[in-house]
Amino acid sequence: FRSITLKELSDGSIIIAGTLINGLNEEGFVAKVDQDGYLDESFATDGIYTTGGILNTSIHFANVAVDSSGYIVAVGSSTNALSVTRSFAMMLKNDGKLENSFDTSGYYYGNINAYFETLYIDENKDIYIAGKQVSGSDSQLIMLKIDDDANEIFTYTDSRSSANISNRAAKILVDSAANLYLVANEGATPNQVVIIKLQPDGSEDTSFATSGVGQYQ
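This section reports on the structure supplied with the text. As the structure is a prediction and not an experimental result, all values here were calculated from the model.

This brings us to the overall build of the chain. Scanning the chain from N- to C-terminus turns up zero helices and 16 strands. In terms of C-alpha radius of gyration, the chain reaches 17 Å, essentially the compact-globule figure of 17 Å for 217 residues. C-alpha atoms of the chain, sized along the principal axes, occupy 50 × 40 × 30 Å. Counting all 217 residues of the chain, 48% fall into the buried class. For the chain, contacts bridging at least 24 residues in sequence account for 37% of all contacts bridging at least 6.

Following the sequence through the fold, threonine 85 ends up in strand β7 (residues 85-92). Of the polar contacts made by the side chain of threonine 85, one reaches the side chain of threonine 79; its length is 2.8 Å. Excluding residues that lie within four positions of it along the chain, threonine 85 makes contacts with Ser77, Ser78, Thr79, Asn111, Ile112, Asn113, Ala114 and Tyr115.

Judged by how many residues are buried, strand β10 (residues 127-135) sits mostly within the fold: eight of nine residues are covered. Remark: five residues form the turn of the hairpin made by strand β9 (residues 114-121) and β10, two consecutive strands paired antiparallel; lysine 125 in that turn has positive phi of roughly 75 degrees. As paired strands, β10 and strand β11 (residues 138-146) are joined by nine bridges and run antiparallel to one another. Within the sheet, the bridge partner assigned to isoleucine 127 lies in β11 and is isoleucine 146. Hairpin remark: β10 followed by β11, antiparallel, with two residues in the connecting loop; positive phi at glycine 136, about 65 degrees.

With nine bridges joining them, strand β2 (residues 14-22) and strand β3 (residues 25-33) adopt antiparallel strand pairing. Paired with isoleucine 21 across the two strands is glutamate 26, which belongs to β3. The hairpin turn running from β2 into β3, its antiparallel successor, is two residues long, and glycine 23 in that turn takes a positive phi close to 65 degrees.

Of the volumes computed, that of the largest pocket is approximately 250 Å³. Considering the residues around the largest pocket, the lining is formed by 13 residues, among which Lys7, Ala65, Leu119, Tyr120 and Lys171 are closest to the centre. Put simply, the parts of the chain that give the lining of the largest pocket at least two residues each are β1 (2-8), β5 (57-66), β9 and β13 (168-174). Split into classes, the residues belonging to the lining of the largest pocket amount to nine nonpolar, two polar and two charged.

What counts and how
- Residues numbered from 1 in each chain as written.
- Predicted model: local features only at pLDDT ≥ 70, side-chain atom pairs only at ≥ 80, totals over all residues.
- Heavy atoms only, no water.
- Helix = DSSP H or I, 4+ residues; strand = E, 2+ residues; numbered from the N terminus.
- Rg over C-alpha atoms; globule rule 2.2 N^0.38 Å.
- Buried < 20%, exposed > 50% of the residue type's maximum accessible area, 1.4 Å probe, protein only.
- Contact = heavy atoms within 4.5 Å.
- Polar contact = N/O pair within 3.5 Å; in protein donor to acceptor, adjacent residues only side chain to side chain.
- Pairing = 2+ DSSP bridges.
- 1 Å grid on protein atoms, 1.4 Å probe; cavity = no way out; pocket = protein on both sides within 12 Å on 5 of 7 lines; lining within 4 Å.
- Points joined across faces, edges and corners; volume = space filled by probe spheres on them.
- Nonpolar A, V, L, I, M, F, W, Y, C, P; charged D, E, K, R; others polar.

Dropping the structure here:
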C-alpha cells in the first residue's frame, strides 16, 4: 500500500483510499472500516473496492471525499499500458458499488499528463477537483468543477507555469460567498505556499493579493 488518505463518516466509520501494489500494476482501492476497526463486509467486496477490473491500467488515488448522500469520490491518476497518464476520478455509491451515472460507468478520465490531487464536494453535490497539468519539466495548477454526473461546469488553469513538476495542490477551501481558494505548494520553493482565489464561476479574483495570487513563506 501507499499514499493512504481517509475520511471519517458521521456514524464514526472510516473511508480509506489509496494505492495497492499488485505485481507490476498499481490498483486504486477504497475500503470502509467500522467503528470497531473491522472491515465493513457489506461494502463493495468484503469491505474493499479495487480498480483491478480496469485491465492493463495502473490507478493511483491521492484523495477521497464523501457527498451529502454518502457517495464516495476518489481522485488521482491513471496510467495505461502505453504509459499514457491522465487525471482520474471515480464515484462509488454508499454500498461500495460503482455509480454508473458518473461519466463512463463510474470512472472519469481527464486530460493527458494531468494529475488530480485534492477535492471538495459542496452541499449541492458539485465536485471541485484540483491538481496539476504537466508539460515537460513545467507544470500548471488546475481546478475543475463538475456535477455529480461528471458534467463539466468550469475548468481553470493557472496561466503562470512553474519550472518544477513537483508542485502540488494541497487543499480547496470555500468561503461563505462561495469563493474558492486553491492552496498549493511550490516544489521549487518547498517553504512557499501559494493561494489562488477564484470566484464562484471559476475566474480569478484579481482583488486578492497580487492579481488573485498570494505567495507566502
